[in-house]
Structures are given as C-alpha cells and as structure tokens.
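Read off the chains here:
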Amino acid sequence: MKDSQSTSIVSTSAMHASSGKANARIIGSAVAGVSELALFHPVDTVAKRLMSTETQLIALGSPAQTRMNLNNAIFRTCATEGLGQKAMSLFPGVGFGAAYKILQRVYKFGGQPVVLDMMTKRFGKDFDEKFGHKTGRTLLSATSGSLIGIGEIVLLPLDALKVKAQTAPEQLHGRGVVEIFRKEGFGLYRGAGLTAMRNAPGSFALFGGATAAKTWMGVGEDGVRATWTQDAIASCVGAVASISVAQPLDVVKTRIQNRPFDSPEGGMTIFRRLIQNEGYGALFKGLTPKLLVVGPKLVFSFTIAQHLIGYFEHALK
C-alpha cells in the first residue's frame, strides 16, 4: 500500500514538473514574441523592403543619389511625405506580424528545449562519447534547433502575408484573410523548400552558437542559471552566426514571397536572375542593416525567452 502511494506521489510530482516546464516555455517565449513585435516591426519592414528591391541602391560617387534610392526603397509611396507619414508607413502587416511572430517565438524558443530534452535522453550518451561532453551538448542544442527551424515552415503562410503587406500591399488590397487562404491555398507555401534550407542552418547556428557561448562562460552545468548579461552575450553570438549563415537564402525567400500570387517563378529562376543582374554580392543585400538593427531584435527576443524560460522553470517547479 505504501509502495503504491509512493509511486502515485512520484508520478504526480513528475507530471507537475513536466507541466511547469511546458508552461514556463510557453510564457517565456510568448512574452519574447510580444515584446519583439512591439519594438521592432518597423525595423523588420525596412529590412524586408531593402531585400525586395531589385535595383542597385548604392550609387558610387553620388551620396545624394544613394540617399534618394534608399528613401524610395524604404518609404515607397510615402517617400515624398512628411516624417510622421513616413513613420506610419513602416507599420503595414502588423496584424499578420503579430500572429506570425508570437506563434513563431512560442514554437521556436519554446519548442527547441522540448526537442533537446528528447534528443538528450536518446542520444546524449552517444554524443558525449563521440564529441566530448561540452561539444556534444552544443551539437545536440544546434541539431534540435535545426529540426525546429525546418518545422517552422508550417507558419509560412502568415509570414508570406506579412511580407506582402510590408513590400507589396496592393496585392492584398480589398481582400479578407479567409478569402486569401481559400483562394491561394498551398500557393501561400511558395518558397517552402528555400525557407527550410534557410531555417536549418540558421537555427543550427542560433542555438548552437548560444549554447557554445554559455558553455564557454560555464553556464548550464549543474543547474547554474545564466544572468541577464550572460543570456544577452549568448544570444548575440547565436544571432550574428544565424543571420550571416541564412542571409543569402533569406534574400531569395523574400523575393519569392513578394511576388504576385499568380507568379509562376520559382526559387532557382529568381536566384539565376539575381546573380545575372546584380552579382553574387546581392545575396547579402540588407545584411548590414540586418546585423545592426534586426540582429538586436533577435538578440532582444532570444535573451528574454532564454532568461524567462529559465526563471519560470525554476519558479514553477
């Protein structure tokens, strides 16, 4: 009888711990998504518009022409308007952006620890024996992140509509969300292959880089929790690695998504034309502003997610 009661208590305790972990991951990643959206949606719009511009932006020897090109690329129809209207023009697609960003962060930042736990239980000893404990831990984190990144294509329709609202709003004018989903169907998954190809190495670098940095700082072993500063440093390392690795395919993906719904062009066609007309350097268009401005966005949300998940996991034990 006592053994039965003891087993019941242990089982209940384990379920409570598991539920606490799940809640912690959902809360931490959701707060990160909402905070990121509120602060960085205009920045994301600027980056997407720069990446979708198919003309040369930098006019060598002519700073005035370069400023004009950037002004037209970023503000589009509001390029000649006042500062207030220019600022408001950077908030298109915020509805799609909210749905996509919050779901994405909950799925990515909350889901990666789940996959990591599963992989550690099943392959942890093998990775430790083959690569050593520290390197094995980093590779497990990176691989679980890569798998989560590939699965992220489920949310591609919301991302595609957000990009269209930011770069080609005329394609959505007068159309409701339900109508768009009903009519376009799987067309909203255009570029899914390229997105998976971009997400796999990008997420591998993000989670792998962050874990490597934490390992170097001695965080994560024996229940040692990271400070805000340590989480920020780890997020910065992961974000820079992720953005740099994923940028070429991100440029092609963005151009696929801002095409008209009925455009037959695939990724390879767009890639070949990009190389032919703009050169290989165009694959890194928008990288500098992305590292300088979008980079901090990812660092910001990843830091909040990591720290709050750790905090709530401890608090909800």
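Criteria and cut-off values
Residues numbered from 1 in each chain as written. Predicted model: local features only at pLDDT ≥ 70, side-chain atom pairs only at ≥ 80, totals over all residues. Heavy atoms only, no water. Helix = DSSP H or I, 4+ residues; strand = E, 2+ residues; numbered from the N terminus. Rg over C-alpha atoms; globule rule 2.2 N^0.38 Å. Buried < 20%, exposed > 50% of the residue type's maximum accessible area, 1.4 Å probe, protein only. Areas by Shrake-Rupley, 256 points an atom, 1.4 Å probe, with all protein chains shown as cover. Lys, Arg positive; Asp, Glu negative; His and termini not counted. Charge placed at Lys NZ, Arg CZ, Asp CG, Glu CD. Polar contact = N/O pair within 3.5 Å; in protein donor to acceptor, adjacent residues only side chain to side chain. pLDDT = per-residue confidence, 0-100. Contact = heavy atoms within 4.5 Å. Phe/Tyr/Trp six-rings, centres within 6.5 Å; stacked < 30°, edge-to-face > 60°. Patch = residues over 30% accessible without salt bridge, like charges linked within 9 Å, V, L, I, M, F, W, Y side chains within 5 Å. Salt bridge = Lys/Arg side-chain N within 4 Å of Asp/Glu carboxyl O. Axes fitted to C-alpha atoms, helices over the stretch in contact; angles between N-to-C directions. Parallel < 35°, antiparallel > 145°, perpendicular 65-115°, else oblique. Left-handed = near helix turned anticlockwise from the far one by under 90°. Nonpolar A, V, L, I, M, F, W, Y, C, P; charged D, E, K, R; others polar. Core = buried A, V, L, I, M, F, W, Y, C linked by side-chain atoms within 4.5 Å. Expected span 1.5 Å × (residues − 1).

**Student:** Explain the overall build of the protein to me, and be specific about the residues and the numbers.
**Tutor:** When its secondary structure is counted, the protein shows 11 helices and 0 strands. What you see in the protein, going N to C, is helices and strands ordered as α-α-α-α-α-α-α-α-α-α-α. What you see for the protein is a C-alpha radius of gyration of 22 Å, in line with the 20 Å of a compact globule of 317 residues. In terms of principal-axis extent, the alpha carbons of the protein reach across some 80 × 45 × 40 Å. Sorting the 317 residues of the protein into buried and exposed places 47% on the buried side. Surface exposure of the protein reaches about 16,000 Å², of which carbon and sulfur atoms provide 66%. Averaged over its 35 positive side-chain charges, the protein has a centre that lies 2 Å from the centre of its 22 negative ones.

**Student:** I'd like a rundown of the side chain of Asp250, residues and numbers included.
**Tutor:** Of note, Asp250 is situated in helix α9 (residues 228–257). Separated by 2.5 Å, the side chains of Asp250 and Arg198 make a polar contact.

**Student:** Report on the confidence of the model for the protein, specifying residues and quantitative values.
**Tutor:** The share of residues in the protein with pLDDT of 70 or more is 91%, and the mean pLDDT across the chain is 84. Within the protein, helix α5 (residues 133–151) carries the highest mean pLDDT (95), whereas helix α1 (residues 2–52) carries the lowest (73). Of the regions scoring below 50 in pLDDT, residues 5–14 engages in 0 contacts with residues more than four places distant in sequence or in other chains.

**Student:** Run through the packing of aromatic side chains, naming residues and quoting values.
**Tutor:** Under the defined criterion, the tally for this structure stands at 6 aromatic pairs. Arranged with centres 5.0 Å apart and planes meeting at 25°, the rings of Phe109 and Phe302 form a pair that is stacked. Separated by 193 residues along the polypeptide, Phe109 in helix α4 (residues 94–131) and Phe302 in helix α11 (residues 287–315) bring together distant segments of the chain. On the basis of relative accessibility, which here comes to 3%, the residue Phe109 falls in the buried class. Between the aromatic rings of Phe127 and Phe131, the centroid separation amounts to 5.7 Å while the plane-to-plane angle is 50°, which identifies the pairing as tilted.

**Student:** Go over the environment of Glu184, please, and point to the residues and values.
**Tutor:** Locating Glu184 in the fold gives a position in helix α7 (residues 177–184). For the pair formed by Glu184 and Pro157, sequence separation is 27 residues and the distance between their alpha carbons is 9.8 Å.

**Student:** Can you tell me about a nonpolar patch on the surface, naming the residues and giving the values?
**Tutor:** A cluster of nonpolar side chains, Ile27, Val31 and Leu316, forms an exposed patch at the surface whose accessible area comes to about 190 Å². Topologically, Ile27 is positioned in helix α1.

**Student:** Explain the packing of α9 against helix α10 (residues 267–278) residue by residue, including any values.
**Tutor:** Look at α9 against α10: their axes get within 10 Å of each other, and the N-to-C directions meet at 115°. When the axis of α9 is compared with that of α10, the two are roughly perpendicular. Of the two elements, α9 crosses α10, and the hand of that crossing is right-handed. Listed contacts from α10 to Val251, Val252, Arg255 and Ile256 of α9 are Gly267, Ile270, Phe271, Leu274 and Glu278. Tallied by class, the residues present in the contact of α9 with α10 amount to 6 nonpolar, 1 polar and 2 charged.

**Student:** Describe the nonpolar core, with residues and values.
**Tutor:** The nonpolar side chains of a soluble globular protein tend to be buried with one another. Of all hydrophobic cores here, the largest spans 16 residues; its most connected members are Phe109, Leu206, Phe207, Leu298 and Phe302. When contributions to this core are tallied by element, the ones reaching two or more residues are α8 (192–216), α9 and α11. The dominant element in this core, judged by the number of residues it contributes, is α11, at 7 residues. In terms of nonpolar packing, the next biggest core, distinct from the first, is built from 10 residues, Leu194, Val252, Ile256 and Leu283 among them.

**Student:** Just give me the short version of α8, but keep the residues and values in it.
**Tutor:** Under the 1.5 Å per step criterion, the end-to-end length of α8 is 35 Å for 25 residues, consistent within 8% with the ideal 36 Å. Within α8, 19 of the 25 residues are buried, which leaves it mostly tucked inside the rest of the structure. Positive backbone phi, approximately 75°, marks Gly218, located one or two places after α8.

**Student:** Quick rundown of the packing of α5 against α8? Include the residues and the values.
**Tutor:** Look at α5 against α8: their axes get within 7 Å of each other, and the N-to-C directions meet at 150°. Accordingly, the angle class assigned to the pair α5 and α8 is roughly antiparallel. Considering only the axes of α5 and α8, their crossing is right-handed. Within the contact between the two elements, α5 uses Lys134, Arg137, Thr138, Leu139, Ser141, Ala142, Thr143, Gly145, Ser146, Gly149 and Ile150 and α8 uses Ala196, Asn199, Ala200, Ser203, Phe204, Phe207, Gly208, Thr211, Ala212 and Thr215. Of the residues contributing to the contact of α5 with α8, the split by class is 8 nonpolar, 11 polar and 2 charged.

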